[in-house]
Amino acid sequence: MSVTFRIAGAGRLKQAKMAGFSFDGRPYTGIEGDTLASALLANGVHLVGRSFKYHRPRGFLSAGAEEPNALVEIKRDSARKTPNVRATVQELYDGLTAQSQNRWPSLAFDIGAVSNIASPMLSAGFYYKTFMWPKAAWKNLYEPKIRAAAGLGVAPDQPDPDHYSARFAHCDVLVLGGGAAGIAAALAAAETGARVILADEQAEFGGSLRFESGARIDGQDGFAWAQSAVAKLKAMDNVRVLPRATAFGYYAQNFVGLVERVSDHLQNPGRDLPRERLWQVRARRVVLATGAIERHMVFADNDRPGIMLASAARAYLNHYGVAVGRNVGVYTANDSAYAAAIDLKKAGLNVAAIVDLRDNPTGPVIDEARALGIEINFGRAVIRAGGKLRVSSMTVQPKNGGGERTIPVDAILMSAGWTPSVHLFSQSRGKVAFNDETKRFVPGTYAQDCISVGACNGTDGLSATIDEAYAAGAKAAKDAGSKPAKSTKPKVDAGESWSRGMLGAAPGAGADTTVKAFVDFQNDVTAKDIRQAVHEGMRSIEHVKRFTTNGMATDQGKTSNMHGLAIAADTLGKPIPQVGLTTFRAPYTPVTFGSIVGHARGPLFDPTRKTAIHPWAERQGAVFEDVGQWKRAWYFPKAGEDIHAAVDRECVTVRKTAGLFDASTLGKIEVVGPDAAKFMELLYTNPWEKLEPGRCRYGIMLREDGFIYDDGVVGRLAPDRFHVTTTTGGAPRVMNHMEDYLQTEFPHLNVWLTSITEQWAVIAVQGPSARKIIEPLVEGIDMSDEALPHMSVREGKICGVPTRLFRMSFSGERGFEVNVPVDYGEAVWEALWVEGQKHGACAYGTESMHVLRAEKGYIIVGQDTDGTVTPNDAGLDWAVGKKKTDFVGIRGMARPDLVAKGRKQLVGLKTRDPKVVLEEGAQIVDDPKQAIPMKMVGHVTSSYWSENCGRSIALALVAGGRDRMGETLYVPMPNGVVEVEVTGMVFFDEKGERLNG
Amino acid sequence: MLLIRCPYCEEERPELEFRNAGEAHIARSPNIAGETDDDFEKFFFIRSNPKGIIYERWRHMHGCARFFNAVRDTVSDRFLMTYKAGEPKPAKLPGAAK
């Protein structure tokens with residue numbers, strides 16, 4: 001493009017490094033060091049977006065993080081599309097591709113703009129009021145349509161290929177904000193030797209020194225001073241300087257979250273760099289130097305492209321060397337816009353007029369502007385802006401009414417004053433106080449060890465700011481434990497001072513008008529909307545906010561909150577502090593999910609636990625299922641088998657010959673010590689004192705409320721040593737439960753608890769041939785029924801390695817569980833597998849394990865129980881020591897409701913049609929003909945096809961179930977009612993003869 | 001993230017290492033089986049849930065694994081002190097006057 005708004009001799013960028021980029025498909029050229037915003041403005045582009053609700057054309061309001069309008073999509077490739085990037089923050093790189101959002105078919109001609117014409121219908125609360133009826137239409141019609149029409153940007157539709165890292169850091173003094181105040185505070189703190197972190201959201205430090213042409217410190221231009229001061233800080237070992245790092249959240253005990261944008265500004269980031277880095281910093285002291293944000297003037301059509309904050313125009317000129325217009329108007333209610341007019345005028349641009357709402361302000365900047373020959377109009381208001389895709393004029397009128405005059409302009413610079421950025425202070429739970437004289441909320445009562453300095457503290461003037469910040473930095477370091485050091489405070493030679501301004505709507509956008517004078521640009525909230533919210537009964541500012549959505553967009557009202565509050569207060573006829581400020585919440589600016597998630601995704605989302613035998617199962621083609629964090633072999637299909645065929649074969653093989661099952665995931669805890677038996681007595685319902693070493697017992701653990709918490713077989717290895725097993729999922733909480741009681745209720749017991757789940761691999765060998773398979777490999781254990789009866793345990797060797805050999809069964813067959821040190825798990829399994837093959841044994845998975853145990857009516861805690869089942873409910877009264885006077889749950893179990901009649905009890909169910917397999921979780925009723933909602937008397941907890949029984953089997957919790965044996969109940973399902981008979985829980989080998997078979 | 005001082009490790013550690021374990025100073029009766037329904041209800045179900053000072057149990061799960069007691073202000077989330085399990089409820093709280 002030939003037209004350029006780059007001003008020769010202005011700005012700090014070196015013309016040498018050019019960067020090509022595209023916006024909406026058109027190629028442009030910028031300079032390295034530009035933001036996307038400054039590069040577009042240099043090419044004369046102001047129109048960059050359409051607004052959220054009315055689809056009005058929008059340009060740049062600001063030159064920083066507070067930008068509400070200029071949101072674009074940055075596209076690196078098909079997977080790297082980032083929506084809602086603020087063009088004022090995005091650094092330019094060669095090849096950058098950006099697109100405007102929220103418009104169709106094009107930015108200049110947007111069909112959606114009809115909603116601007118229809119806007120009288122789209123006032124505050126429109127959605128709440130209009131889409132009420134019919135109710136069903138909300139879900140099917142209104143919401144999808146509104147969602148498609150609204151929304152900011154388009155979410156990426158592919159997984160994020162970038163990676164994100166995270167760091168924890170500690171420091172004595174954390175300085176947030178790298179403007180003059182932050183740098184001065186960091187210098188003072190760093191000179192004491194304190195560990196300091198200085199962070200700023202911008203790529204370059206300096207804050208408002210970026211545009212304040214009048215600032216001189218230590219004999220240098222303010223911005224140049226900032227660079228040399230930061231270079232000095234960077235060179236110090238005790239200082240970490242973080243540019244491009246936004247402090248987004250201030251949490252308890254001086255814990256601050258920052259996101260550092262590591263590579264979004266690079267042309268070719270490379271795979272070794274993360275896109276962003278999350279810093280979680282714990283600081284002894286925090287210095288808040290977050291500055292202030294300029295407010296816009298609220299007047300009719302103040303959103304036309306080309307209308308922007310005065311400080312933004314200064315930043316574009318003084319830093320980037322870009323003129324935002326050639327014939328600009330200025331509209332202000334304070335002094336700081338004069339400085340913008342002066343800078344632009346000095347750069348050779350025409351300043352058509354300054355319109356100042358104030359009646360007769362005086363001061364050096366006003367004198368200077370006048371001396372430069374700029375027309376100044378006091379006591380006047382801009383009541384209207386002309387133009388559509390770009391502002392073309394401003395219409396001026398005396399503020400108390402009178403003749404109008406229209407002045408042609410191509411940009412309007414505005415300033416209503418400055419709002420201290422108290423976001424982080426407020427997040428720290430500090431209370432803000434309203435200064436009635438300056439009409440600002442400033443930090444009042446502190447809740448944490450932090451201090452605000454400079455503009456965010458309401459301190460005006462560079463000199464006062466540096467004095468305050470330097471003293472605060474030194475004090476913070478001292479309070480954090482550092483010794484004071486000899487130091488030199490930066491000397492301010494010249495500085496600018498910001499004065500007051502106005503809040504709320506300017507004349508011409510007053511109560512009697514319906515003009516579109518925007519308060520919140522991003523959510524299209526006008527002054528009229530806020531007044532309407534009050535008229536419709538919203539009294540609290542929190543209600544006004546939600547009704548109008550003022551301050552609720554991605555910019556979180558950085559420019560709009562104070563105006564909105566002032567208009568609401570004015571309409572309510574109350575002083576501002578009585579109406580109050582809405583709550584500041586994290587994040588300060590939007591934070592990517594990626595930076596929060598960090599590396600914790602995909603395989604690193606959650607640990608995956610695999611048993612020692614996992615590789616063998618994998619080689620055999622096992623299908624795995626997730627059980628908690630464990631991968632467990634679910635079934636071992638042979639060629640052509642589906643899950644049903646495989647499970648049928650496995651179940652039949654176990655009962656015919658034998659099967660090998662990997663039970664390593666069982667929780668295992670060793671309870672050791674002179675008082676081990678006493679401890680077991682207290683933690684389990686069963687009696688343990690008299691259990692002989694070498695014998696096992698099925699134990700039930702309750703919570704104090706009397707409900708079943710866990711179960712498992714416990715072997716007594718020695719008088720003072722128990723090998724406890726728990727459910728796979730229950731292991732950690734059982735360990736915690738045991739430790740809790742041992743440490744806090746029974747600390748007098750001399751017992752040690754050790755988790756041994758990961759130490760022992762467990763191979764279950766179940767079936768009539770089980771002993772024959774194991775015996776040849778075992779040394780030092782007599783495996784005869786007499787020497788090793790059911791429910792006993794011996795220590796010896798298998799395949800030459802130590803074993804704890806349990807004779808126990810979860811299948812109802814003769815069974816063993818071979819425990820070996822986990823390093824030998826796979827080798828011992830392979831040896832047993834070779835032996836097993838001689839007898840026709842199979843490997844079986846968790847599905848067959850479930851079927852086999854259900855055939856025997858063995859419960860699974862967590863499947864057949866749900867935290868409301870007592871031992872009696874589960875038919876396990878026999879496992880409760882009747883003579884015991886204490887155990888956890890003994891009192892809870894005796895509560896009236898837990899011993900009442902009619903409780904749900906665990907029973908078996910047989911479907912009338914043996915081929916029908918019930919659905920687990922299905923509800924059971926007495927009478928299927930009753931009206932809906934039916935009275936439910938129970939539900940199915942376990943249900944399987946049992947090839948061994950030749951029919952389906954199920955377990956269920958049924959009210960008064962044990963008294964209803966033989967009765968017919970019904971299970972209503974979507975495709976018909978299933979008739980069932982209540983039975984006992986044992987479906988196979990009722991007498992239990994096969995345990996020794 | 002809170003910083004919590006473990007009275008066994010004698011240092012402040014990040015909240016990530018700890019688990020809350022409910023209200024403190026609720027002792028299980030040595031004769032629990034003989035308790036009335038009302039007493040058991042008070043022991044097992046009723047908790048104070050105050051706005052302000054709470055005495056609660058924490059476990060240094062990913063550290064020494066010990067249970068201990070803490071005094072915390074539920075309004076400010078500030079820990080006033082921590083002490084070992086079994087020690088009596090502190091008579092005076094540091095900084096409680098604030």
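Here the residue numbers are simple positions, counted from 1 along each chain's written sequence. Labels are handed out in written order, letters beginning with A for the chains and numbers beginning with 1 for the ligands. For this predicted model, a pLDDT threshold of at least 70 governs which residues receive local features, and a threshold of 80 or more governs which side-chain atom pairs are given and counted, while totals over whole chains, interfaces and linings are taken from all residues.

Moving on, we come to the overall build of chain B. If you tally the helices and strands in chain B, you get one helix and six strands. Its helices and strands in sequence order give chain B the pattern β-β-β-α-β-β-β, from N to C terminus. Dimensions along the principal axes, computed over C-alpha positions, put chain B at roughly 40 × 30 × 25 Å. Within chain B, the proportion of its 98 residues that are buried is 17%. The long-range share in chain B, meaning contacts at least 24 apart out of those at least 6 apart in sequence, stands at 48%. Secondary structure is summarised from DSSP: a helix means a run of H or I of at least four residues, a strand means a run of E of at least two, and numbering begins at the N terminus for each. Neighbour counting defines burial: a residue surrounded by 20 or more other C-beta atoms within 10 Å of its own C-beta is buried, one with 12 or fewer is exposed, and intermediate counts give partly exposed, using backbone-placed C-beta atoms. Think of it this way: build a C-beta for each residue from its backbone, and any pair within 7 Å is a contact.

This brings us to the overall build of chain A. Along the backbone of chain A there are 24 helices and 51 strands. By principal-axis analysis of the C-alpha atoms, chain A measures approximately 115 × 75 × 55 Å. By sequence separation, contacts in chain A at least 24 residues apart represent 68% of the contacts at least 6 residues apart.

What follows deals with the sheet that holds strand 29 (residues 492-494) of chain A. All names here are of chain A. Pairing is antiparallel in the open sheet, where three strands are placed in the order 11-10-29. Each of the sheet's edge strands pairs with one partner strand only, and the pair in question is strand 11 (220-221) and strand 29. A pair of strands is treated as paired once DSSP finds two or more bridges between them. As paired strands, strand 10 (residues 216-217) and strand 29 are joined by two bridges and run antiparallel to one another. Within strand 29, the position partnered with I217 by the bridge is V492.

With 20 residues of chain A at the interface, the matching set in chain B holds 18 residues. Looking at which element gives the most residues to the side of chain A that touches chain B, the answer is helix 20 (residues 731-745) of chain A, with five residues. For the side of chain A that touches chain B, a count of residues per class yields seven nonpolar, five polar and eight charged. Gly falls in the polar group here, along with every residue not listed as nonpolar (Ala, Val, Leu, Ile, Met, Phe, Trp, Tyr, Cys, Pro) or charged (Asp, Glu, Lys, Arg).

Our next topic: helix 20 of chain A. The end-to-end C-alpha distance of helix 20 of chain A, which contains 15 residues, comes to 21 Å, matching closely the 21 Å that a straight helix rising 1.5 Å per residue would cover. Every buried residue of helix 20 of chain A is listed here: A731, V734, M735, M738, L742 and T744 of chain A. In a helix, the anticipated span is given by 1.5 Å times the number of residues less one.

Residues and elements named next belong to chain A. Direction vectors running N to C along helix 8 (residues 336-346) and helix 9 (residues 364-371) enclose 30°, while the axes themselves pass 9 Å from each other. The angle between the axes of helix 8 and helix 9 places the two elements in the roughly parallel class. Viewed along their axes, helix 8 and helix 9 form a crossing whose handedness is left-handed. Residue-level contacts link Y338, A339, A341 and I342 of helix 8 to V365, I366, E368 and A369 of helix 9. A class-by-class count of the residues in the contact of helix 8 with helix 9 yields seven nonpolar, no polar and one charged. Here an angle of 0 to 180 degrees is reported between the N-to-C directions of two axes, which are lines fitted to C-alpha atoms, with helices fitted over the stretch in contact. To sort the angles, those under 35 degrees are grouped as roughly parallel, those over 145 as roughly antiparallel, those from 65 to 115 as roughly perpendicular, and the leftovers as oblique. In this scheme, a crossing is called left-handed if the near helix is turned counterclockwise away from the far one by less than a right angle; it is called right-handed if the turn is clockwise.

Once that is clear, we can look at the sheet that holds strand 20 (residues 376-378) of chain A. Residue and element names in this part refer to chain A. As summarised here, the arrangement of the five strands in space is 17-24-18-19-20, forming an open sheet in which the pairing is parallel. What marks the edges here is a single partner per strand, and that holds for strand 17 (307-309) and strand 20. Recorded for the sheet is a direction-independent mean angle of 20° between the axes of neighbouring strands. As judged from the three bridges shared by strand 17 and strand 24 (residues 411-415), these two strands associate in the parallel manner. Its bridge partner lying in strand 24, I307 is registered against I412. The strands touched by helix 7 (residues 310-318) are strand 17, strand 18 (327-332) and strand 24; relative to strand 17, the strand with the most contacts, the crossing angle is about 85°.

So, about the environment of D740 of chain A. Tracing the backbone shows D740 of chain A in helix 20. In this structure, the C-alpha to C-alpha distance between D740 of chain A and L61 of chain A, residues 679 residues apart in sequence, is 59 Å. If we ignore the near neighbours within four places in the chain, the residues touching D740 of chain A are A21 and F67 of chain B.

All right, on to the packing of helix 7 of chain A against helix 8 of chain A then. When two helices pack together, their arrangement is given by the angle between the helix axes and the distance between those axes. All names here are of chain A. For the pair helix 7 and helix 8, interaxial distance at closest approach is 8 Å and the crossing angle is 30°. Of the possible angle classes, the one that applies to helix 7 and helix 8 is roughly parallel. When you trace helix 7 past helix 8, the crossing you get is left-handed. Residues A310, S311, A313, R314, L317 and N318 of helix 7 touch helix 8, and the partners they reach there are S336, A337, A339, A340, D343 and L344. Class assignment of the residues belonging to the contact of helix 7 with helix 8 gives a composition of seven nonpolar, three polar and two charged.

All right, on to the nonpolar core then. All names here are of chain A. Counting residues in each nonpolar core, the largest one holds 107 residues, and the members touching the most others are V330, A341, I412 and L413. Ranked by residue count, the leading element in this core is helix 8, at seven residues. With residues up to four places along the chain from it excluded, the contact list for L413 reads M308, A310, A313, V328, V330, A337 and A340. Among buried residues, those of type Ala, Val, Leu, Ile, Met, Phe, Trp, Tyr and Cys that are joined through C-beta atoms within 7 Å form a set called a nonpolar core. Residues A761, A764, L805 and L876 belong to the second largest nonpolar core, which totals 104 residues.

Residues and elements named next belong to chain A. Counting buried residues along strand 38 (residues 721-726), five of its six residues qualify, which places the element largely inside the surrounding structure. Bridging between strand 35 (residues 667-672) and strand 38 involves six bridges; their strand directions are antiparallel. If you follow V671 over to strand 38, its bridge partner there is F722. Inspection of the sheet shows strand 37 (residues 708-718) paired to strand 38 by four bridges, in the antiparallel sense. Looking at strand 38, one finds that R716 is bridged to F722. Hairpin remark: strand 37 followed by strand 38, antiparallel, with two residues in the connecting loop.

This part is about unusual backbone geometry. Residue and element names in this part refer to chain A. Cis geometry marks the peptide bond from A586 to P587; its omega dihedral reads 0°. In this chain, I932 is followed by P933 through a cis amide linkage whose omega measures 5°. Note on placement: P933 falls in the loop between strand 47 (923-925) and strand 48 (936-946). Even without glycine at this site, C799 takes up a positive phi of about 50°. In this structure C799 comes out as partly exposed when scored by C-beta crowding, with 17 C-beta atoms within 10 Å.

Another aspect to go through is helix 13 (residues 541-548) of chain A. Residue and element names in this part refer to chain A. Listing the buried residues of helix 13 in full gives I541, V544, K545, F547 and T548. Among the structural elements, strand 31 (525-526), helix 12 (527-535), helix 14 (561-572) and helix 15 (576-579) are those in contact with the buried residues of helix 13. Once helix 13 ends, the next one or two residues include T549, with phi positive near 65°.

Attention now moves to the confidence of the model for chain B. All names here are of chain B. Per-residue pLDDT for chain B has a mean of 93; in total, 96% of the residues score no lower than 70. As a per-residue measure, pLDDT tells how confident the predictor is, with possible values from 0 to 100. Within chain B, strand 2 (residues 11-14) has the poorest average pLDDT of any element, 94, and strand 4 (residues 53-59) the best, 97. Across the interface, the model reports ipTM at 0.97; the global pTM reads 0.87.

Residues and elements named next belong to chain A. Residue placement: I31 occurs in strand 2 (residues 26-31). Measuring from C-alpha to C-alpha, the distance between I31 and L187 comes to 32 Å, with 156 residues separating the pair along the chain. When residues no more than four places from it in sequence are discounted, the contact partners of I31 are L13, Q15, K17, M18 and A19.

Here the focus is the pairing of strand 8 (residues 165-176) of chain A. Residue and element names in this part refer to chain A. With eleven bridges connecting them, strand 8 and strand 15 (residues 276-288) associate as parallel partners. For L176, the partnering residue across the bridge sits in strand 15 and is L288. In terms of strand pairing, strand 8 meets strand 9 (residues 196-199) through four bridges, oriented parallel. Following the sheet pairing, L176 is matched in strand 9 by A199.

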